[in-house]
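Listed below, chain by chain, are the residues.
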Amino acid sequence: MIVLGIESTAHTFGVGIIEDRNVLANVKDAYTTESGGIIPSAAADHHVNACKQVLNDGLKKAGISMKDIDLIAFSQGPGIGNTLEVGAVAARTLSITYGIPIIGVNHCVAHLEVGNLCTDAKDPVLLYCSGANTQVIAFEGGRYRVFGETLDIGIGNFLDSVAREMGLGFPGGPKIYELSLKSKNYIELPYVVKGMDVSFGGIFTNVKSKLQKHSKEDLAYSIQETVFAMMLEVAERAMAHCNKSKLLLGGGVACNKRFQEMAHKMCKQREGTCFIPPSEFLLDNGGMIAWLGYIVAKAGNKMNIEDTSIRPYERTDDIDVNWR
Ligand code: AMP
Ligand code: MG
């Protein structure tokens, strides 16, 4: 079965093509800025302009044409309404034009399930650290249950907001990482873990107040040490409560080498294992959408065009996981 996946929840317009477990193509074009954050309408315009080229690149890379596709999967939610709509319209148009079945899937669940495609992590605790989403998740009782999450902004949005204040542009996470390598001077920052949840708004305000007094390098280093430790504290507690020894990282922030190092260390200390998919599957991508479409459809799930409205606020634990 050949599945085409379309991703458009935020900054990235991605097309992935898979044939069963084989990834034939995973291409994308991402919206970036020199100094600001994401402007929803500008990101949507970017996707409209990128759509045709990315689709053609994907088909060319896979060495197939639209008539070879058996299923079109797209990110139905959660995400930015403007950008979700572009992917949904593209998916519906292709579905109707070529008479190919369509299925909408949950973007967060795709970040989780792609771990099963790329790694040997069986039944892990998932630490999902993306731009807008920050959750500790485990599969219990037929659903991906959220054990802890951010009470305000996502960890990636937090890093992007700090980067914007520093005038570094979007996406900010990689830029903060580069700066962090130039310091080992820890500046005390608020450490905000509330039970199993985390919060970044207060840290952001605190960092803003320190921007004039401290170097960007010292702040970048201190920010990473603080927020990654917060995430790994709640992930470790979830592993202990759920009696699971495996941790799987997901989301774009998990590309961060320091975060990966700290996650490996925590797992090693408790005799567990940390699994990390390759970066192309950590950041938003069409391949993970195609993969989730594939396993959802294999389990007998279907959708009509009338069911394909976008779901900007859909939650991970709303999804009835009937494919495992
Ligand atoms: P996603 O929404 O999953 O595609 O992830 C995008 C987020 O990941 C953005 O907020 C980026 O700033 C962040 N990000 C990407 N690469 C890195 C990195 N190396 N370190 C920290 N954050 C990163
Ligand atoms: Mg994402």
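In this text the structure is predicted, and so the values were computed from the model without any measurement.

Parameters at a glance
- Counting restarts for each chain: residues are numbered from 1 in the order of the written sequence.
- The lettering of chains begins at A and the numbering of ligands begins at 1, in the order of writing.
- Two thresholds apply to this predicted model, a pLDDT of at least 70 for residue-level local features and 80 or more for giving and counting side-chain atom pairs, whereas whole-chain, interface and lining totals are computed over all residues.
- For side-chain calculations, the full set of non-hydrogen atoms in the structure is used, while hydrogens and water are omitted.
- Pairing of aromatic rings covers Phe, Tyr and Trp, the last through its six-membered ring, and needs centres within 6.5 Å; plane angles under 30 degrees mean stacked, over 60 mean edge-to-face, and all others mean tilted.
- With a 1.4 Å probe rolled over the protein chains alone, any residue whose accessible area is under 20% of its type maximum counts as buried; one over 50% counts as exposed, and the rest are partly exposed.
- Distance and angle both matter: a charge sits over a ring if NZ of Lys or CZ of Arg is within 6 Å of the ring centre and within 35 degrees of the ring normal.
- Only the stretch in contact is used when fitting a helix axis, every axis being a line fitted to C-alpha atoms; angles between N-to-C directions are given from 0 to 180 degrees.
- In this description a helix means any DSSP run of H or I spanning at least four residues, a strand means any run of E spanning at least two, and both kinds are numbered starting from the N terminus.
- The labels follow the angle: roughly parallel below 35 degrees, roughly antiparallel above 145, roughly perpendicular from 65 to 115, and oblique for the rest.
- Throughout, a crossing is termed right-handed when the near helix is turned clockwise from the far one, and left-handed when it is turned anticlockwise from it by less than a right angle.
- Should any heavy atoms of two residues lie within 4.5 Å, those residues are counted as being in contact.
- Any residue that is not Ala, Val, Leu, Ile, Met, Phe, Trp, Tyr, Cys, Pro, Asp, Glu, Lys or Arg is counted as polar, Gly included; the first ten are nonpolar and the last four charged.
- Near, as used in this document, describes a residue that has one of its heavy atoms within 4 Å of the molecule or strand being considered.
- Polar contacts, as counted here, are pairs of nitrogen or oxygen atoms within 3.5 Å of one another; within protein the pair requires one atom able to donate a hydrogen and one able to accept it, and residues that are adjacent in sequence qualify only if both atoms are side-chain atoms.
- What sets the accessible areas is the Shrake-Rupley method with a 1.4 Å probe; for residues, cover comes only from the shown protein chains.
- Coordination partners: N, O, S within 2.8 Å of the metal, 3.2 Å for Na, K and Ca; water not considered, so apparent gaps in a site are possible.
- What makes a nonpolar core is a set of buried Ala, Val, Leu, Ile, Met, Phe, Trp, Tyr and Cys residues whose side-chain atoms join them at distances within 4.5 Å.
- Think of it this way: DSSP has to see at least two bridges between two strands before they count as a pair.

Asks: Is there a simple way to think about the packing of aromatic side chains in this case?
Replies: Any aromatic ring pair is given by two values, namely how distant the centres are and how the planes are angled relative to each other. This model, assessed by the stated rule, comprises four aromatic pairs. Ring plane angle 65 degrees and centroid distance 5.4 Å describe the contact between Phe139 and Tyr144, whose orientation is recorded as edge-to-face. Like Tyr144, Phe139 is buried. Sitting over the ring of Phe139, Arg324 keeps its end group 3.9 Å from the ring centre.

Asks: How should the packing of helix 6 (residues 201–210) against helix 7 (residues 216–242) be read in this particular structure?
Replies: Geometry of a packed helix pair, given as the angle between the helix axes and the separation of the axes. At their nearest, the axes of helix 6 and helix 7 sit 12 Å apart, and the two run at 165 degrees to each other. Classified by the interaxial angle, the pair formed by helix 6 and helix 7 is roughly antiparallel. Handedness of the crossing formed by helix 6 with helix 7: right-handed. Residues Ile203, Val207 and Lys210 of helix 6 touch helix 7, and the partners they reach there are Leu219, Ile223, Val227 and Met230. Per-class residue counts for the contact of helix 6 with helix 7 are six nonpolar, no polar and one charged.

Asks: I would appreciate a short explanation of the site of ligand 1 in the present structure.
Replies: Not every one of the 19 residues close to ligand 1 is listed here, only the nearest: Ser130, Asp160, Gly173, Gly252 and Asp284. Within the side chain of His11, an N or O atom sits 3.4 Å from an oxygen atom of ligand 1. Gly252 is positioned with one of its backbone polar atoms (N or O) 2.9 Å from an oxygen atom of ligand 1. Contact with the protein chains covers 93% of the free accessible surface of ligand 1, which is 500 Å². Listed by contribution, the elements that provide at least two residues to the shell around ligand 1 are helix 4 (155–165) and helix 5 (173–180). Per-element accounting of the shell around ligand 1 gives the leading share, three residues, to helix 4.

Asks: Looking at this structure, I do not really get the coordination of the magnesium ion (ligand 2). What am I missing?
Replies: Note on metal sites: the ideal angle is 109.5 degrees for four tetrahedral donors, and 90 or 180 degrees for six octahedral donors. Around the magnesium ion (ligand 2), the protein contributes the donor atoms His107 (NE2), His111 (NE2) and Asp284 (OD), at 2.0 to 2.3 Å from the metal centre. For the magnesium ion (ligand 2), all donor residues lie on one chain, and their spacing in sequence is H-x3-H-x172-D. Note that His107 and His111 are positioned in helix 3 (residues 107–118) at a spacing of four residues, about one turn of the helix. For His107, a relative accessible area of 2% gives the class buried.

Asks: Would you take a moment to explain the nonpolar core for this structure?
Replies: Nonpolar side chains tend toward joint burial in soluble globular proteins. With 47 residues, the main nonpolar core has Leu127 and Leu247 as its most contacted residues. Looking at this core, the elements with two or more residues in it are strand 6 (125–129), strand 7 (134–140), helix 4, helix 5, helix 6, helix 7, strand 11 (246–250) and helix 8 (257–269). Broken down by element, this core gets its largest block of residues, 13 residues, from helix 7. Once residues lying within four places of it in the same chain are set aside, the contact partners of Leu127 are Gln135, Val136, Met231, Leu232, Ala235, Leu247, Leu248, Leu249, Gly250 and Phe259. Counting 35 residues, the second largest nonpolar core, distinct from the first, contains Ala110, Tyr144, Phe281 and Trp291.

Asks: Can you help me understand the packing of helix 4 against helix 7 in this one?
Replies: The N-to-C vectors of helix 4 and helix 7 enclose an angle of 170 degrees; their axes lie 12 Å apart at closest approach. Looking at the two axes, helix 4 sits roughly antiparallel to helix 7. Residues Ile155, Phe158, Leu159 and Val162 of helix 4 form the contact with helix 7, whose own contacting residues are Ile223, Val227, Phe228 and Met231. The residue makeup of the contact of helix 4 with helix 7, split by class, is eight nonpolar, no polar and no charged.

Asks: Explain the sheet that holds strand 2 (residues 12–19) to me, please; I cannot follow it from the model alone.
Replies: Pairing between sheet strands relies on hydrogen bonds along the backbone, with the strands arranged either parallel or antiparallel. Strand order in the open sheet made by the five strands is 3-2-1-4-5, with mixed pairing throughout. A single partner strand is all that each edge strand has here, and the edge strands are strand 3 (22–30) and strand 5 (102–106). On average, adjacent strands in this sheet sit at an angle of 20 degrees to one another, irrespective of strand direction. As defined by bridge partners, strand 4 (residues 71–77) adjoins strand 5 across five bridges and the pair is classed as parallel. Across the sheet, Ile72 pairs through a bridge with Ile102, a residue of strand 5.

Asks: Looking at this model, I keep getting lost on the side chain of Glu225. Mind explaining?
Replies: By the element assignment, Glu225 lies in helix 7. Glu225 gets classed as buried once you look at its relative accessible area, which sits at 15%. A distance of 2.8 Å separates the side chain of Glu225 from the side chain of Arg258, its partner in a polar contact. Look past the residues within four positions of Glu225 in its chain and what remains in contact with it is Tyr186, Arg258 and Met262.

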